[in-house]
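# Structural characterization, general
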Amino acid sequence: MATTATDMRIGNLMTIDPVVIGSEQPVSEAERLLKTYRVSGLPVVEDGATVGVISQVDILVARSSELISGNWSRLRVRHIMSTPPVTVHIEADILGAARLMLDRHIHRLVVVDSQDRPIGVITPLDILRILLDDA
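These remarks concern the structure in this document. None of the values given here were measured: they were computed from a predicted structure. (Residues numbered from 1 in each chain as written. Predicted model: local features only at pLDDT ≥ 70, side-chain atom pairs only at ≥ 80, totals over all residues. Heavy atoms only, no water.)

## Side note on the nonpolar core
Just so we agree on the cut-off: By convention a nonpolar core is built from buried Ala, Val, Leu, Ile, Met, Phe, Trp, Tyr and Cys residues, the set being connected through side-chain atoms within 4.5 Å. Burial status follows relative accessibility: with a 1.4 Å probe on protein chains alone, a residue under 20% of its type maximum counts as buried, one over 50% as exposed, and anything between as partly exposed. Helix and strand definitions here come from DSSP, where helices need a minimum of 4 consecutive H or I residues and strands a minimum of 2 consecutive E residues; each element is numbered from the N-terminal end. Contacts are assigned to residue pairs with any non-hydrogen atoms lying within 4.5 Å of each other.
With 15 residues, the main nonpolar core has I21, A30, L42, I54, I59, V77 and I80 as its most contacted residues. Contributing elements (two or more residues each) for this core: α1 (27–37), β3 (41–46), α2 (56–64) and α4 (77–80). Broken down by element, the residue count for this core peaks at four residues, all from α1. Here I21 is in contact with P26, E29, A30, L33, L42, P43, V44, V45, I54 and V77, once residues within four sequence places are set aside. Counting residues in each nonpolar core, the second largest holds 14 residues, with L13, V88, M101 and I130 among its members.

As structure tokens, then:
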């Protein structure tokens, strides 16, 4: 019997080994990592656990504020990251993840293990790929 998208788990299609950043790192480092790895967001970690997400949009919004951009060199990831992080367990089903992204109006979910460590990322494009493969 063929496995369909509705039967698949997040672990089957997530991007593994995400680029992460610490909450105390400078925002400029997050900006560099986003550009270097050509990703739109990074899980933020403290002691290995996911505590937030920083995205290109978070950085653009911060740069557009005179007050914040005037203190750019002192700005840390924790100051502008989105928190709490929206995460999904590796065993979650794809439809549930898609529903969560739609309900929360977000473009990525951090995939975590049982210790809340980031082990992957899933985006709407990942879900579209599997749906089109099923068609």
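## Regarding unusual backbone geometry
Cis geometry is found at the peptide bond from T83 to P84, where omega equals -5 degrees. The phi dihedral of D17 is positive, around 55 degrees, even though this residue is not glycine. Backbone geometry places H105, a non-glycine residue, at a positive phi of 55 degrees. As for its position among the elements, H105 is in the loop between α5 (94–104) and β6 (109–112).

## Quick word on the environment of T83
Selection criterion: Here a polar contact is taken to be a pair of N or O atoms separated by no more than 3.5 Å, where protein atoms must pair a possible hydrogen donor with a possible acceptor and residues adjacent in sequence count only if both atoms sit in side chains.
Assignment of secondary structure puts T83 in the loop between α4 and β5 (87–89). Residue classification places T83 among the exposed positions, given a relative accessible area of 54%. Within the structure, T83 has its side chain in polar contact with the backbone oxygen of V51 (distance 3.0 Å).

## A word on the pattern of salt bridges
For clarity, the threshold we go by: Salt bridges are defined as contacts in which a side-chain nitrogen from Lys or Arg sits within 4 Å of a carboxyl oxygen from Asp or Glu.
If you walk through the whole model with that rule in mind, you get five salt bridges. Note that E29 and R32 form a salt bridge whose closest N and O atoms lie 2.8 Å from each other. Of this pair, E29 and R32 both sit in helix α1, three residues apart, which is roughly one turn of that helix. In this structure E29 comes out as partly exposed when scored by relative accessible area, which is 23%. Between R117 and D113 there is a salt bridge whose closest N-O contact spans 2.7 Å. Overall, the relative accessible area of 40% leaves R117 in the partly exposed class.

## Focus: the packing of aromatic side chains
Our working rule: Only Phe, Tyr and Trp rings are paired, with Trp represented by its six-membered ring, and only when their centres lie within 6.5 Å; those with planes under 30 degrees apart are stacked, over 60 edge-to-face, the remainder tilted. Ring-over charges, as used throughout, are those where CZ of Arg or NZ of Lys falls within 6 Å of the ring centre and within 35 degrees of the ring normal.
Counting across every chain of the model gives zero aromatic pairs. A cation sits over an aromatic face here: R63 above W72, 4.0 Å from the ring centre.

## Considerations on the sheet that holds strand β7 (residues 118–122)
Rules: Any two strands with at least two DSSP bridges between them are considered paired.
Taken together, the four strands give an open sheet; going across it, the order is β1-β7-β6-β5, and neighbouring strands pair in mixed fashion. The sheet is open, and its two borders are formed by β1 (15–16) and β5, each paired with just one other strand. The sheet contact formed by β6 and β7 spans four bridges and is antiparallel. For V112, the partnering residue across the bridge sits in β7 and is P118.

## Quick look at α1
The cut-off we apply is this: Working definition: the arc comes from the directions between the helix axis and the C-beta atoms, pointing outward to the latter.
Turning to α1, its buried residues are V27, A30, E31, L33 and L34. Along the long axis of α1, the arc covered by the buried residues comes to 165 degrees, so they all point the same way. Residues of α1 that are buried sit in contact with β2 (21–22), β3, β4 (49–55), α2 and α4. R38, located one to two residues past α1, shows a positive phi value of around 55 degrees.

Functional significance is not addressed by these values, which are geometric in nature.
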